[in-house]
Amino acid sequence: MKPFSATPDTQPWAPLEQRPACCVPKPFIEVEQLSLHYGQKPAFHGVTLAINQGCITAIVGPSGCGKTSFLTSLNRLTDLIAGCRVEGRIHLDGLDVLAPQTDVIHLRRRVGMIFQKPNPFPLSIRKNLEFPLREHGLRDRERLAGAIETGLRDVGLWDEVKDRLDSPALALSGGQQQRLCMARALVLAPEVLLMDEPCSALDPLSSGIVEDLIVSLRSRYTVLIVTHNLAQARRIADYAALFWTQNGTGRLIEAGTAKHIFGTPHEPLTVAYVSGMRG
Amino acid sequence: MLNTLEPHPGGWERLATTFVWSAAALVTATFCWLLGDIIWHGLSHISWAFLTTPPRNAGREGGIGPILVSTLLILGVCLGVAVPLGVGTAVLLAEFTTDTSLFGRLTRRSLDVLSGVPSIVFGLFGNAFFCKTLGLGFSILSGGLTLACMVLPILIRSTEEGFRTVPTGYRLSAAALGLSRTTTLLYLLLPAAVPGLLVGLVLGVGRAIAETAALIFTSGYVDRMPQSLLDSGRALSVHIFDLSMNVSGGDSHAYASALVLIFALLAINGATSWLTKHWLSRRIVTV
């Protein structure tokens, strides 16, 4: 069956073997010996992983193994959590992410994030996109309008909402809200997109649309997606990493190309997980 | 199908239902009786002249013009001081301290204790501090500042609650978009916290406008038209107290003044919620 297509030019996902060489295997984010604690409680420990530019990297694993915590440490959203301690090194295109002098506002502009639950602001559809753009210095009305239209077209939402840009964003359906959140992140032209189970709160139809959209972002953005849906990870990812809880803390068990992780994994845990025997 | 799930009312349930309904009816009836009594005795005295002319013969005759002006001035001073301080403290408590931090816990505990302090204590404090120590004397300024101290705990706590009910998702997604904390606070959290602020404001204004004990010691008794904030001014509640307790034959005007007080309270509540709705619909668009 042909998947739902968000935009006409969206490439449908191809089988693993025929996946296009979308991305050069050039690390854009390099994580070394990263550990995260909430107070005394460790979330994950000793994660070393390179995330390639322009690729979709899926992070899979059972609940509570530190996947989301790993994601939020990459844009330093962990700064907002009291008692959260991150150790190790994260380099994003040469930028030392964890260094105290790093400008987090600038970092978060380069690293966008989509959350599990769609969370548009309680403003109009237009204001949801205009607000972050204005905050980052775009004030010219015409350019704002142009950026908003491009953002909404990018996520296939323009035709659905162009006549009601001033109506409340919260009146949109769950799938539309999630696409609006993606547009809100995309209008800031980030280089990396972190996605925390972006489809899990959506119905299958909306989930399909959002999934196609993620595929269409390949090569333009470096995408890191946490997902519980192994079939989805298999469909869309170029690279995959398996997290697992061992001795009460999350660990990176195995990482590699999606072909390797879902086809010929080395680790017994990965074999058991991708075959559906565990997790 | 649903009917089979509903319990059949037994004796106890009938008794409980009767009790709950009677309790509610009793409360409503008491309020209606009180309001009815005030309207019955007071309405005939209400006129434009009553609202604008000064009282004569210790309030038995004339109107309540200067008293209304004093009351509004006291309320203005109270809100002008309490709202910025209250919102500021609420922001600090809700957004910049954690539930477990010593500072946060101490401040919250102090506010809870303060909100239970009898108004006469605030009155004596206001008299000692504002009237004497700061040398403001019996004045509208002293009265307004004392009332501000009194309503601050309610205002802060309910505004803080307002901030806390804003979903964490807004804060996270705002931070993830690289929005500064100030922008997030001003354009997202503050409008979303307005309902909480409104509840605090209505409760606070209700308490302030009806306050007698704290004002007798601070803003005083003088029923002349105030010329400045440093003049003594008689609040409406003090006027009602004086007419009903100290002035024989002042009952009818006490009733009329009480009616004005109740309507003023209703008008302020109505205006606050209308303003907030109007303001909110511009700032925040919800379904």
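Residues numbered from 1 in each chain as written. Chains lettered and ligands numbered in written order. Predicted model: local features only at pLDDT ≥ 70, side-chain atom pairs only at ≥ 80, totals over all residues.

Visitor: Please provide a residue-by-residue account of the overall build of chain A, values included.
Guide: Across its full length, chain A holds 10 helices and 10 strands. Taken over the C-alpha trace, chain A has a radius of gyration of 19 Å; the compact-globule value for 279 residues is 19 Å, and the two agree within 12%. Overall, the C-alpha framework of chain A stretches about 55 × 50 × 35 Å when taken along its three principal axes. When the 279 residues of chain A are sorted by exposure, 47% land in the buried category. (Helix = DSSP H or I, 4+ residues; strand = E, 2+ residues; numbered from the N terminus. Rg over C-alpha atoms; globule rule 2.2 N^0.38 Å. Buried ≥ 20, exposed ≤ 12 C-beta atoms within 10 Å, placed from the backbone.)

Visitor: So, the overall build of chain B: which residues are in play, and what are the values?
Guide: In terms of regular secondary structure, chain B is built from 12 helices and two strands. Ordered by position in the sequence, the α and β elements of chain B form the string α-α-α-β-β-α-α-α-α-α-α-α-α-α. When the backbone C-alpha atoms are referred to their principal axes, chain B occupies close to 65 × 60 × 35 Å. Across the 287 residues of chain B, 37% fall into the buried class. A separation threshold of at least 6 residues defines the contact pool for chain B, and within that pool the share at least 24 residues apart is 76%. (Contact = placed C-beta atoms within 7 Å.)

Visitor: Account for the packing of helix 3 (residues 125–135) of chain A against helix 4 (residues 141–154) of chain A, with residues named and values stated.
Guide: Residues and elements named next belong to chain A. At a minimum axis separation of 10 Å, helix 3 and helix 4 run at an interaxial angle of 120°. When the axes of helix 3 and helix 4 are compared, the pair comes out oblique. Our pair here, helix 3 against helix 4, has a crossing hand that is right-handed. Mapping the contact onto sequence places Arg126, Leu129, Glu130 and Leu133 in helix 3 and Leu144, Ala147, Ile148 and Gly151 in helix 4. Considered class by class, the residues forming the contact of helix 3 with helix 4 number five nonpolar, one polar and two charged. (Axes fitted to C-alpha atoms, helices over the stretch in contact; angles between N-to-C directions. Parallel < 35°, antiparallel > 145°, perpendicular 65-115°, else oblique. Left-handed = near helix turned anticlockwise from the far one by under 90°. Nonpolar A, V, L, I, M, F, W, Y, C, P; charged D, E, K, R; others polar.)

Visitor: Hey, could you go over helix 9 (residues 181–209) of chain B for me, with residue numbers and the actual values?
Guide: Along an α-helix, residues three or four apart share an orientation, since each turn contains 3.6 residues. If you check helix 9 of chain B, its first and last C-alpha atoms are just 36 Å apart, much less than what 29 residues at 1.5 Å a residue would give, namely 42 Å. Of all the bends in helix 9 of chain B, the largest measures some 45° and sits at Leu190(B), one to four residues before the proline Pro191(B). (Expected span 1.5 Å × (residues − 1). Bend = angle between axes of the 7 residues up to and from the residue.)

Visitor: How would you explain the interface of chain A and chain B if you had to name every residue and give the values?
Guide: Of the residues lining the interface, 26 residues belong to chain A; the matching set on chain B comes to 20 residues. Counting residues per element, the ones that place at least two in the side of chain A that touches chain B are helix 2 (104–110), strand 6 (111–114), helix 3 and helix 6 (174–186) of chain A. When its residues are assigned to classes, the side of chain A that touches chain B shows 16 nonpolar, five polar and five charged.

Visitor: Any details on the packing of helix 3 of chain A against helix 6 of chain A? Residues and values, ideally.
Guide: Residues and elements named next belong to chain A. In contact at an axis separation of 9 Å, helix 3 and helix 6 are set at 25° when each is read in the N-to-C sense. Considering their axes alone, helix 3 and helix 6 lie roughly parallel with respect to each other. For the pair helix 3 and helix 6, the sense of crossing is right-handed. Residues Ile125, Asn128, Leu129 and Pro132 of helix 3 form the contact with helix 6, whose participating residues are Leu180, Ala183 and Arg184. Of the residues that constitute the contact of helix 3 with helix 6, the class distribution is five nonpolar, one polar and one charged.

Visitor: Requested: an account of the nonpolar core, with residues and values cited.
Guide: In this structure, Ile214(A), Ala240(A), Cys78(B) and Val151(B) are the most contacted members of the largest nonpolar core, which totals 144 residues. If one sorts the elements of this core by residue count, helix 7 (residues 140–164) of chain B sits on top with 13 residues. In contact with Val151(B), other than residues within four places in its own chain, are Cys78(B), Ala82(B), Gly204(B), Arg207(B) and Ala208(B). (Core = buried A, V, L, I, M, F, W, Y, C linked by C-beta atoms within 7 Å.)

Visitor: Can you explain the domain arrangement of chain B? Please cite residues and give values.
Guide: Residue and element names in this part refer to chain B. As assigned here, chain B comprises domain 1 (9–45) and domain 2 (48–283). If you average the C-alpha positions of domain 1 and of domain 2, the two centres end up 29 Å apart. Of the residues lining the interface, six residues belong to domain 1; the matching set on domain 2 comes to eight residues. Within the side of domain 1 that touches domain 2, the residues separate by chemical class into three nonpolar, three polar and no charged. (Domains from an automatic or database assignment.)

Visitor: Outline the confidence of the model for chain B, supporting the account with residue identities and numerical values.
Guide: Residues and elements named next belong to chain B. Counting all residues, the mean pLDDT for chain B is 88, and 94% of those residues have values of 70 or more. Summarising per-element confidence for chain B, the mean pLDDT is lowest in helix 1 (residues 2–5) (54) and highest in helix 6 (residues 119–133) (94). If you check the scores for this complex, the pTM reads 0.77 and the ipTM reads 0.84. (pLDDT = per-residue confidence, 0-100.)

Visitor: I'd like a rundown of helix 6 of chain B, residues and numbers included.
Guide: Residue and element names in this part refer to chain B. With 15 residues, helix 6 should cover 21 Å at 1.5 Å per step; its first-to-last C-alpha distance of 20 Å lies within 8% of that length. At glycine 126, helix 6 is bent by approximately 30°, the largest bend along its length. Turning to helix 6, its buried residues are Phe122, Gly123, Gly126, Phe130 and Cys131. Buried residues in helix 6 make contact with helix 7 and helix 10 (213–216). Backbone geometry just after helix 6 places glycine 135 at a positive phi near 70°.

Visitor: Report on the environment of Pro191(B), specifying residues and quantitative values.
Guide: Residues and elements named next belong to chain B. Structurally, proline 191 is set in helix 9. C-beta crowding within 10 Å serves as the criterion here: with 19 such atoms nearby, proline 191 is assigned to the partly exposed category. The sequence separation of proline 191 and glycine 162 amounts to 29 residues, and the corresponding C-alpha distance is 9.8 Å.

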